Amino acid sequence: MKLDPTDYKIIELLQQNCKQTTKEMADQLGLSTTAVYERIKKLEKQNIITDYVAIVNKDKINRSFMAIAHIKIKSHSKDAILRFEKKVDQIPEVLECFHVSGEYDYILKIGVQDMEAYREFMLSKLTTMEEVQSTHSMFVIKEVKNTKTYSVL
């Protein structure tokens, strides 16, 4: 599907506030409500828009302690990689997981309540995985930028 400037503007508007109505977007774009609705449905059908979520204040839900964990796995076989990824996907404390090149195999972004909760997470969840060879942790001092939006224009 080839996106036109109006599609990009709709994506931008939805990323800014996905709770706005189709009519509000139509007014901003100078289009009919039906036209905007159909374009949004087309973007969803093509998996360009994949989900709508609420961004939660992590401080208000006791998940403000952020850690970045570098992971080395024991085996790089397809089976071992897929097993590790499946397990990590099931751990709610792991917010993001990236398979990377370089010295480590994976980088995890982990959100927990505090250092004690992180220690418990490491001892009871991450390091108990048979696929994990070693870990290296870093702790976030300050979150300088955290965005969920992509610049589309």
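We now turn to the structure provided with this report. (Residues numbered from 1 in each chain as written. Predicted model: local features only at pLDDT ≥ 70, side-chain atom pairs only at ≥ 80, totals over all residues. Heavy atoms only, no water.)

**Things to note about the layout of surface pockets**
Link 1 in the chain: Estimated volume of the largest pocket: approximately 720 Å³.
Link 2 in the chain: Lining the largest pocket we find 19 residues, and of these Gln15, Asp51, Val53, Lys148 and Thr149 sit closest to its centre.
Link 3 in the chain: When the residues that make up the lining of the largest pocket are grouped by side-chain class, the tally is 11 nonpolar, six polar and two charged.
Link 4 in the chain: Each pocket or cavity is described by its volume, and for the second largest pocket that value is around 520 Å³. (1 Å grid on protein atoms, 1.4 Å probe; cavity = no way out; pocket = protein on both sides within 12 Å on 5 of 7 lines; lining within 4 Å. Points joined across faces, edges and corners; volume = space filled by probe spheres on them. Nonpolar A, V, L, I, M, F, W, Y, C, P; charged D, E, K, R; others polar.)

**Overview of the pattern of salt bridges**
Link 1 in the chain: Evaluated as defined, the whole model comprises 13 salt bridges.
Link 2 in the chain: In this structure, the salt-bridge partner of arginine 83 is glutamate 130, at a minimum N-O distance of 3.9 Å. Of the two residues, arginine 83 sits in helix 4 (residues 78–89) while glutamate 130 sits in the loop between helix 5 (115–126) and strand 4 (132–139), which places them 47 residues apart along the sequence.
Link 3 in the chain: According to the relative accessible area criterion, glutamate 130 is exposed, its value standing at 51%.
Link 4 in the chain: Across the pair lysine 125 and glutamate 93 runs a salt bridge, and its minimum N-O distance is 2.8 Å. With a gap of 32 residues between them, lysine 125 in helix 5 and glutamate 93 in the loop between helix 4 and strand 2 (94–99) connect regions that are remote in the sequence.
Link 5 in the chain: Note on glutamate 93: relative accessible area 17%, which makes it buried.
Link 6 in the chain: Counted as one network, the salt bridges with shared partners bring together Asp79, Arg83, Lys87, Glu130 and Glu131. (Salt bridge = Lys/Arg side-chain N within 4 Å of Asp/Glu carboxyl O. Helix = DSSP H or I, 4+ residues; strand = E, 2+ residues; numbered from the N terminus. Buried < 20%, exposed > 50% of the residue type's maximum accessible area, 1.4 Å probe, protein only.)

**Brief notes about the packing of aromatic side chains**
Link 1 in the chain: For the structure shown, the criterion picks out five aromatic pairs.
Link 2 in the chain: For the ring pair phenylalanine 84 and tyrosine 106, a centre distance of 4.6 Å and an interplane angle of 45° mean the geometry is tilted. Of this pair, phenylalanine 84 sits in helix 4 while tyrosine 106 sits in strand 3 (residues 106–112), and the two are 22 residues apart along the sequence. When sorted by exposure, phenylalanine 84 lands in the same class as tyrosine 106, which is buried.
Link 3 in the chain: In textbook terms, an aromatic cluster arises when at least three aromatic residues are bridged by ring pairs, as seen for Phe65, Tyr118, Phe121 and Phe139.
Link 4 in the chain: Over the face of the ring belonging to tyrosine 104 we find lysine 72, whose NZ or CZ atom lies 5.3 Å from the ring centre. (Phe/Tyr/Trp six-rings, centres within 6.5 Å; stacked < 30°, edge-to-face > 60°. Lys NZ or Arg CZ within 6 Å of the ring centre and 35° of its normal.)

**Quick look at the side chain of aspartate 7**
Link 1 in the chain: With respect to the element layout, aspartate 7 can be found in helix 1 (residues 5–16).
Link 2 in the chain: Judged by its relative accessible area of 1%, aspartate 7 falls in the buried class.
Link 3 in the chain: What aspartate 7 contacts, discounting residues up to four positions off in sequence, is Met1, Lys2, Arg39, Lys42 and Leu43. (Contact = heavy atoms within 4.5 Å.)

**Observations regarding the nonpolar core**
Link 1 in the chain: If you look at the biggest cluster of nonpolar residues, it comprises 19 residues, and the most contacted ones within it are Ile71, Phe84, Leu108, Ile110, Tyr118 and Phe121.
Link 2 in the chain: Of all the secondary-structure elements, those providing two or more residues to this core are strand 1 (65–73), helix 4, strand 3 and helix 5.
Link 3 in the chain: Formed by 11 residues, the second largest nonpolar core is a distinct cluster that contains Ile10, Leu13, Met25 and Leu29. (Core = buried A, V, L, I, M, F, W, Y, C linked by side-chain atoms within 4.5 Å.)

Any link to function would need more than the numbers given here.
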